[in-house]
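A closer look at the structure
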Amino acid sequence: MPLDHNVMPTLLYKHYSWPRHNVFNTASFVNAPTHHWFQAALASLQGICYKQDLQPMALDDILLEAEEKMMKTEEVLQHEFAGLRTGKASPALVENITAEVYGGSQMRIRELAGITSPEPRMLVIQPWDASTTSAIEKAIQKANIGLNPVVQGKVIRLVFPELSEERRKELVKVAHKMAEESRIAIRHIRRDALEHIKKESKQGGVSEEDVEHAEKDLQKLHDQFISKIDQHLAHKEKEIMTV
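Residues numbered from 1 in each chain as written. Predicted model: local features only at pLDDT ≥ 70, side-chain atom pairs only at ≥ 80, totals over all residues. Heavy atoms only, no water.

**Examining the environment of I184**
Filter applied, for reference: Runs of E in the DSSP output that reach at least two residues are strands. Runs of H or I that reach at least four are helices, and both are numbered from the N terminus. When a residue's accessible area, from a 1.4 Å probe over protein chains only, is under 20% of the maximum for its type it is buried; when over 50% it is exposed; and in between it is partly exposed.
As for its position among the elements, I184 is in helix α5 (residues 165-203). You can call I184 partly exposed: its relative accessible area is 29%. Separated by 42 residues in sequence, I184 and I226 place their C-alpha atoms 9.5 Å apart.

Following this line, the structure appears as structure tokens:
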């Protein structure tokens, strides 16, 4: 199958149904602490290799798979940035914390309660089943997110204290580290795809021109997602530093 040079990298995903190769399984990371979940997700994406025993792939399929993995890397970063605490109340900070309920079942808070932000620096968690309130409170305390849950009747309140300038700068450093880990993941995906393109070239059946176009399109994908990561970082840094 020849490479369709008219398919732009930014549109490749429209021709591809997720998931196809089951390269990302969020269930593996549900019970991990937030940053460990991020590390595990990136490690999974970076560790995906093109198996030697696969049947020959068309070059456009290689590009589609690479773009799919880059998209998931971007999504992981966005999810982690959403949970990175700022002075503003964000449901993302607590929604994926797991609580032990109903005799040992592990469930995320967003599956157990409604989470609202009635004020800029306050979250209100309202369990749908009042019997889970204590378990949710304990789960938040164990998560070490720097917030003290206060149970008031049938709801749990979380008040976000104002962050000092020093703390804001520390959070910016954390955000930069997360972004760099995502850039590394994107580069690894490009490397693996490039190796697979070269393998297909050696096996024959594709022209040098097709290989050259595929390599250029792969580089465009890489540059596109690196740029997106930089944009997400700039936005998060501004959000953290805004008092």
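**Section: the nonpolar core**
Here is the rule we go by: Definition of nonpolar core: a set of buried residues of the types Ala, Val, Leu, Ile, Met, Phe, Trp, Tyr and Cys, connected through side-chain atoms within 4.5 Å. For this analysis, residues touch if any pair of their heavy atoms sits within 4.5 Å.
Counting residues in hydrophobic clusters, the biggest one holds 27 residues, and the most contacted among them are M70, F81, I197 and L218. M70 has contacts with I186, I189, R190, L218, L221, H222 and F225, leaving out every residue within four places of it along the chain. The next biggest cluster of nonpolar side chains, apart from the first, holds 21 residues, and it includes A113, I115, A135 and I140.

**Side note on the side chain of T132**
Note that T132 resides in the loop between β4 (122-127) and α4 (133-142). Dropping the residues within four chain positions of it, T132 is found in contact with V101, Y102, L112 and P127.

**Some remarks on the pairing of β4**
Test applied: DSSP calls a pair of strands paired once it identifies at least 2 bridges connecting them.
Within β4, five of the six residues are buried, leaving the element largely enclosed by the surrounding structure. One ladder, built from five bridges, connects strand β3 (residues 113-119) with β4; its direction is antiparallel. When the bridges of β4 are listed, T116 appears paired with V124. The loop that links β3 with its antiparallel partner β4 comprises two residues. In this sheet, strand β6 (residues 155-159) lies alongside β4 in antiparallel orientation, the contact comprising four bridges. Counterpart to I125 in the pairing with β6 is I156.

Function cannot be inferred from these measures alone, as they are strictly geometric.
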